[in-house]
Each structure stands twice: as structure tokens, then as C-alpha cells.
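Structural characterization, general
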Amino acid sequence: MAKSSQYQSKSSDQNGVIHWTNEENAIWSALYERQLPLVEARACKEYMDGLALLDLSKDKVPQLPDIDKVLLAQTGWKTAEVPALISFGEFFQLLANKEFPVATFIRRQQDFDYLQEPDIFHEVFGHCPLLTNPAFAHFTHVYGKLGLNASPEDRVYLARLYWFTVEFGLVKVAGETKIYGGGILSSPGETKYALDSKEAQREPLEPLNALRTPYRIDIMQPLYYILPEFNYLYELAEMDIMALVKEAKSLGLFDPLFPPKIKQAV
Ligand SMILES: [Fe+2]
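First things first, this report covers the structure right here in the doc.

What counts, and at which threshold
- Each chain has its residues counted from 1, running along the sequence as written.
- Confidence filtering applies because this is a predicted model: local features only for residues at pLDDT of at least 70, side-chain atom pairs given and counted only at 80 or more, and all residues used for totals across whole chains, interfaces and linings.
- Water and hydrogen atoms were dropped before computing side-chain values, which therefore reflect all heavy atoms in the structure.
- Only strands that DSSP links by at least two bridges are regarded as paired with each other.
- The helix and strand labels rest on DSSP assignments: H or I over at least four residues marks a helix, E over at least two residues marks a strand, and numbering proceeds from the N terminus.
- Axis definition: a line fitted to C-alpha atoms, limited for helices to the stretch in contact. Angles are taken between N-to-C directions and run from 0 to 180 degrees.
- Water is not part of the atom set, so a site may look incomplete; the donors themselves are N, O and S atoms within 2.8 Å of the metal, or 3.2 Å for Na, K and Ca.
- Working rule for geometry: tetrahedral if four donors all subtend angles between 85 and 135 degrees; square planar for four, octahedral for six, if opposite donors exceed 155 degrees and the others stay between 65 and 115; irregular in every other situation.
- A 1.4 Å probe rolled over the protein chains alone gives each residue an accessible area, and that area as a share of the maximum for its type sets the label: buried under 20%, exposed over 50%, partly exposed in between.
- Two residue types count as positive, namely Lys and Arg, and two as negative, namely Asp and Glu; His and chain ends fall outside the count.
- Any Lys or Arg side-chain nitrogen located within 4 Å of an Asp or Glu carboxyl oxygen qualifies as a salt bridge.
- N or O atoms within 3.5 Å of each other form a polar contact, as long as, within protein, one can give a hydrogen and the other can take it, and as long as residues adjacent in sequence are counted only when both atoms are side-chain atoms.
- Working rule for contacts: check all heavy atoms of both residues, and any pair within 4.5 Å makes them a contact.
- Expected helix span is taken as 1.5 Å per residue step, with the number of steps being one fewer than the number of residues.
- Take the seven residues that end at a residue and the seven that start at it, fit an axis to each, and the angle between those axes is the bend at that residue.
- A pair of Phe, Tyr and Trp rings is counted when the ring centres sit within 6.5 Å of each other, with Trp represented by its six-membered ring. The angle between the planes then sorts it: under 30 degrees is stacked, over 60 is edge-to-face, the rest tilted.
- Think of it as a cone above the ring: NZ of Lys or CZ of Arg counts as a charge over the ring if it is within 6 Å of the ring centre and within 35 degrees of the ring normal.

Strands sit in the order β4-β3-β6-β5 across an open sheet of 4 strands; the sheet is mixed. The open sheet has two free edges, formed respectively by β4 (176-179) and β5 (201-204), since each of these has just one partner strand. Averaged over all adjacent pairs, the angle separating strand axes in this sheet is 35 degrees, with direction ignored. Both strand β3 (residues 170-173) and strand β6 (residues 223-227) contribute to a ladder of 2 bridges, which runs parallel. Paired with V171 across the two strands is L227, which belongs to β6.

So, in C-alpha cells, the structure goes:
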């Protein structure tokens, strides 16, 4: 979640329909067209299966009630239309209710290649396909309930686990590494980088390590964690994650693998 945004979400009408402009629909269409061949070659099967089920419109921004019909039938999830920025508390409350927050704005042309804030392309194209998958849906629900009851300090640790799984996770499939993280799958640069980069490190996911790994939201990730298989998300959901948070707090964070952000002189 970004701390500030230059964007404002659009509101739906009484039928849940958002009236996107021609320019906004054209941005969606161009993003979709660019990203589809990349994910077809690199995303895990569970994501591609979800994308097929959602059958997202290619020429205009999809409407959330259409996505909800599929999600509700598959896993009991739905989307929630939210402002560009929501608090940790609102975020965890929604996940605990099996509602996935979708900020209802789309990037402008000048931000076509990169936008720090999660827009509707990131939320819908990046995350919604996997919300049709029972293992992913279950883990995300359990995670939301944990976060809802966690202290502000513990939520910062939980955010790292989310980052290295739901946002930037990789998964082993028949000896091959595939992508399931929505932060990667909605970014053309990172969809290639995450699998191909010689500089990036890739390690098996150890939840305790993920909780202890600092990250930056505004760079290509220097480290990705790999699930041994997709259904490992069920095992992860059964772990005593809050006990691992406690252990992570006592052990402390790993040294960052990235340079500190340079503060601009005022
Ligand atoms: Fe996200």
C-alpha cells in the first residue's frame, strides 16, 4: 500500500458499474495486450486457469460485479471497490471477510510502464485470477484474519510474508520455476526479470526468513522466494504464523540486499 497517491478511485453507479472513459479503456486494453503473452509463458498453471475462468474483457476495463460472479462461485471471494489508499486495518478487515480490495482507478499514459500504487490493472489482472484457486483463497483468508488481530508492529512483519508470497512469489512446477505473485504478473519488466535476471537471488520459501527480509516497493526485487509447490499454501495457512512472527522479532531483520533510499534535500 502506497503512503500517498496522485490518483483518485472512481465510484460505481447503483448497479455496481463504473463508467470508464475511452482513454481509460484504451490503457487497459494496451496493458492487457502487452502482458498476456508474457504471463502465458511464465505464470503458473493455477494463475492461467483463473485467468481463463475470469474471461476478463480485453478491450475495456472489466466490471467488478462480473468478476465477483466467478469468484463467489469458485471460492466465496468477491472484490471490494476501495479508494486509492486504505489503511492496514481496512485491508486486513476486507481479507478477513473474503473481500479483495480493488482501487478503482487506472494509471495514466505517462505511468504506463511503471506505477508504484496498485491500480485496477494490478489488482484485477495481477491478483484476481488466483482468487479462483482454493489454496490461494484459503491462505489469503487465513492471512487476513491473522492481520486483523495483530498489533501494528506484528502487521509490519506480516506484510513481509504477503510481499514475498501473494505479491512477489515464485513456485516450482515440475522442476521449472513459475510466477504466482500478482506484483510480478502485472509488471512486464518484472515478469521477465523475476525468472531471467542473473542478479536476482531465488531461494526456497522459509516463512521465518520471509518475515525477516526487508523489501523496497520501488525497485525490482533483489530476492524472490519459491514455493516448493502451489498447494504448499495450504501448509503455510496451517502454520503458527504468529509464533513465527514472534521468533522473527527476536532474531531481527536480515541486512537489506538493496541500497537505502536517498532522501532528497528539502
Ligand atoms: Fe497487490
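There is more to say after this.
Right, let's talk about the coordination of the iron ion for a bit. Only H122 (NE2), H127 (NE2), E167 (OE) and E167 (OE) from the protein reach the iron ion as donors, at distances of 2.0 to 2.7 Å. Note that the iron ion binds 4 donor atoms; their angles at the metal cover 53 to 139 degrees, and the shape is irregular. Counting the intervening residues between successive donors of the iron ion yields the motif H-x4-H-x39-E. Placement of the pair is H127 in helix α5 (residues 120-127) and E167 in helix α7 (residues 152-167), with a sequence separation of 40 residues.

Another aspect to go through is unusual backbone geometry. A positive phi angle, near 50 degrees, is found at D55, a position not held by glycine. For D55, a relative accessible area of 58% puts it in the exposed group. Here A174, not a glycine, exhibits a phi torsion of approximately 45 degrees, which is positive. Within the secondary structure, A174 is located in the loop between β3 and β4.

What follows is about the environment of E23. Structurally, E23 can be placed in helix α1 (residues 22-42). When its relative accessible area of 58% is taken as the criterion, E23 is described as exposed. Considering only alpha carbons, one finds E23 and R108, 85 residues apart in sequence, at a separation of 8.7 Å.

Here the focus is the side chain of R155. With respect to the helices and strands, the residue R155 is situated in helix α7. An unpaired buried charge is present at R155: no salt bridge exists, and D154, the closest side chain of opposite charge, is 8.9 Å distant. Separated by 2.8 Å, the side chain of R155 and the backbone oxygen of G147 make a polar contact. Not counting chain neighbours up to four residues away, the residues in contact with R155 comprise F88, G89, F92, G147, L148 and A150.

So, on to α5. With 8 of 8 residues buried, α5 lies mostly within the body of the structure. Among the residues making up α5, those that are buried are I120, F121, H122, E123, V124, F125, G126 and H127.

Right, let's get into α1. When the terminal C-alpha atoms of α1 are compared, their 30 Å separation across 21 residues agrees well with the 30 Å that a helix rising 1.5 Å per residue should span. By the largest-angle criterion, Q35 marks the main kink of α1, which is about 30 degrees, and a proline, P37, follows within four residues. What α1 keeps buried is the set E24, N25, I27, W28, S29, L31, Y32, Q35, L36, L38, V39 and R42. Buried residues along α1 sit against α2 (45-54), α5, β4, α8 (182-185) and α9 (188-196).

Moving on: the pattern of salt bridges. For the structure shown, the criterion picks out 10 salt bridges. The closest approach of N and O atoms between K10 and E24, which form a salt bridge, is 2.7 Å. Linking K10 in the segment before α1 with E24 in helix α1, this pair joins segments that are 14 residues apart in sequence. Exposure remark for K10: the relative accessible area of 22% places this residue in the partly exposed category. Assessed through its relative accessible area of 18%, E24 is described here as buried.

What follows covers the packing of aromatic side chains. Using the criterion set out here, one finds 17 aromatic pairs in the structure. With a centroid separation of 5.4 Å and an interplanar angle of 85 degrees, the aromatic rings of F91 and Y162 are classed as edge-to-face. Of this pair, F91 sits in helix α4 (residues 88-96) while Y162 sits in helix α7, placing them 71 residues apart in sequence. Judged by its relative accessible area of 9%, F91 falls in the buried class. Site record: aromatic cluster; members linked through ring pairs are F88, F91, F92, F139, Y143 and Y162. Geometry around Y7 places R108 over its ring, the cationic atom sitting 4.2 Å from the centre. Directly above the ring of Y157 sits R160, whose terminal nitrogen or CZ lies 4.7 Å from the centroid.

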